[in-house]
Amino acid sequence: LDPTPTGSGQRPGFPALPQDYNGRVSLDAARIVANADGTFWVCDEYGPYIYKFSAAGKMLAAIRPPEAFIPQRQGSDSFAANSPGKGQSAPSPVEHDTGRQNNQGLEGLGLSPDRRSLFALLQSATRQDGGNGGSSPRGNTRLLVYDLTGTVPVLKGEYVVPLPTYSAKGVARVAAQSELQVLSNTRILVLARDGGAGRGSEKASVYRRVLVYDLAAATNIAGTAFDRPDTPVAPGGVLDASVKPATRSELVDLIDPMQRSRFGLHN
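What counts and how
- Residues numbered from 1 in each chain as written.
- Predicted model: local features only at pLDDT ≥ 70, side-chain atom pairs only at ≥ 80, totals over all residues.
- Heavy atoms only, no water.
- Helix = DSSP H or I, 4+ residues; strand = E, 2+ residues; numbered from the N terminus.
- Rg over C-alpha atoms; globule rule 2.2 N^0.38 Å.
- Buried < 20%, exposed > 50% of the residue type's maximum accessible area, 1.4 Å probe, protein only.
- Lys, Arg positive; Asp, Glu negative; His and termini not counted.
- Charge placed at Lys NZ, Arg CZ, Asp CG, Glu CD.
- Pairing = 2+ DSSP bridges.
- Axes fitted to C-alpha atoms, helices over the stretch in contact; angles between N-to-C directions.
- Polar contact = N/O pair within 3.5 Å; in protein donor to acceptor, adjacent residues only side chain to side chain.
- Contact = heavy atoms within 4.5 Å.

A.B. asks: Help me get a handle on the overall build of the protein, residues and values and all.
C.D. replies: When helices and strands are tallied, the protein shows 1 helix and 16 strands. Rg of the C-alpha trace for the protein: 18 Å, near the compact-globule value of 18 Å for 267 residues, within the 12% margin. Viewed in the frame of its principal axes, the protein has a C-alpha envelope of about 55 × 40 × 40 Å. Here the protein, with 267 residues, has 49% of them falling under the buried criterion. On the protein, the mean spot of the 28 positive side-chain charges and the mean spot of the 25 negative ones are 4 Å from each other.

This is the structure:
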């Protein structure tokens, strides 16, 4: 259920939470990661937050990302994603001024193999970094890395992850990411694709690939001015010259039957 355009849920020990008209916390959950003790993490599109739940399903904590990620309209938190339910009003303006764009929150989540770090990846670039729909220059998205060794998760890394582009009817579009798998403390797998196309859709998919990103030489922007909404890391979609992004290489094209056969995959 889409959160209210203004206001938020206030609960002791939690940051301001996306809240629906019925007073409940609104989550658009994207990925679940289980911990060895039975607790689990959930990343969400609205906040975009990372929530921790007990094995019984009780919400224990919520991680609020840097302010550059938080959706704001006219200088205030506004978690609505312009998906109003029956009888609910649409937010004004429809799109945010800064923060994650509508329905493009934290779409990827994963633990490092040593389970000491939690990785979370924004589906595409923030509004201030060029995010404004599929044909906008929203390719420079952001990856967050949290240290889990203490009692409270601590942000220790933030990196720019450049998403690929593809052509749809002659128009260049960014392939937003929809899945993350952590290979090591410096390498991740990412599934980038054309949304709303492919199996189960009337439209054939033209881009659907598994990519490998390497963070080893990328610039860590955590704790810098880029964490503020008024300081884009990629104004107009052009990455700041001082920032080195993660490097990208292709593992497999899921549309190509020859490449799929290498992995025993079929469509």
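A.B. asks: Account for the sheet that holds strand β4 (residues 59-63), with residues named and values stated.
C.D. replies: Ordered in space as β1-β2-β3-β4, the 4 strands form an open sheet in which the pairing is antiparallel. Single-partner strands in this sheet number two, and they are β1 (29-34) and β4. Within the sheet, the average angular offset between the axes of one strand and its neighbour, ignoring direction, is 20°. Looking at chain direction, β1 and strand β2 (residues 40-44) are connected through 5 bridges and run antiparallel. Paired with alanine 34 across the strands is phenylalanine 40, a residue of β2.

A.B. asks: Give me the side chain of asparagine 140: which residues, what numbers.
C.D. replies: Among the secondary structure elements, asparagine 140 is positioned in strand β9 (residues 140-147). Among the residues examined, asparagine 140 registers a relative accessible area of 10% and is labelled buried. Here glycine 237 takes part through its backbone oxygen, which lies 3.0 Å from a polar atom of the side chain of asparagine 140. Excluding residues within four positions of it along the chain, asparagine 140 makes contact with Ala125, Asp129, Val160, Val161, Pro162, Ala234, Gly237 and Leu239.

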